[in-house]
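Each chain, written out:
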Amino acid sequence: MTLSGQNNQLYAKALAIAPKNPRVILAQAEWNMGSAKFFGKSTAPYCAEIESAIELSKTEKIQTEFYPKFMLKRAQEVLQQCKK
């Protein structure tokens, strides 16, 4: 809780560097969903971000051998939580 401001800044910086990185978009949406749940708010506003991350992952071309892969299964699980 005490580092949430710094965490938000890191997500903003990551999105500024790579705005179409599906891993960053998914991670930020998950973080925001956790905050929403903690404060008793709806997680529905983050559904579109997760769907966007899934779509971006389908067109992403990875050219480096050990580049992190997008976790489609995880994204789909998070999307199901979002729609509850």
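Along each chain, residues carry numbers from 1 onward, in the same order as the chain's sequence is written. At least 70 in pLDDT is required for a residue's local features to be given in this predicted model, at least 80 for side-chain atom pairs to be given and counted, and no such filter applies to totals for whole chains, interfaces and linings, which use all residues. Hydrogens and water molecules were not included; the side-chain quantities draw on all heavy atoms of the structure.

Here we look at the packing of helix α1 (residues 4-17) against helix α2 (residues 22-38)
Right, so step 1: Axis lines are fitted to C-alpha atoms, over the contacting stretch for helices. Their N-to-C directions set the angle, which ranges from 0 to 180 degrees. Working definition: helices are DSSP H or I runs of at least four residues, strands are E runs of at least two. Numbering for both runs from the N terminus. Orientation of α1 relative to α2, taken along the N-to-C sense of each, is 155°, at an axis distance of 10 Å. Classed by the angle they form, the pair α1 and α2 counts as roughly antiparallel. In this structure, α1 meets α2 at a crossing whose hand is left-handed. Touching Ser4, Asn7, Asn8, Tyr11, Ala14 and Leu15 of α1 are Val24, Ile25, Ala27, Gln28, Trp31 and Asn32, all from α2. Working rule for angles: under 35 degrees goes down as roughly parallel, over 145 as roughly antiparallel, 65 to 115 as roughly perpendicular, anything else as oblique. It is the rotation of the near helix from the far one that decides the hand of a crossing: anticlockwise by less than a right angle makes it left-handed, clockwise makes it right-handed. Note on definitions: a residue-residue contact is assigned when non-hydrogen atoms from the two residues lie within 4.5 Å.

Some words on the nonpolar core
Right, so step 1: Within the largest apolar cluster, 15 residues are counted, with the highest numbers of intra-cluster contacts made by Leu26, Met33, Ile50, Ile54 and Phe70.
Right, so step 2: Breaking this core down by element, the ones donating at least two residues are α2, α3 (47-59) and α4 (72-82).
Right, so step 3: It is α2 that contributes the most residues to this core, five residues altogether. To define a nonpolar core, start from buried Ala, Val, Leu, Ile, Met, Phe, Trp, Tyr and Cys residues and group those joined through side-chain atoms within 4.5 Å. Only protein chains enter the accessibility calculation, which uses a 1.4 Å probe; a residue is then buried when its area is under 20% of its type maximum, exposed when over 50%, and partly exposed in between.

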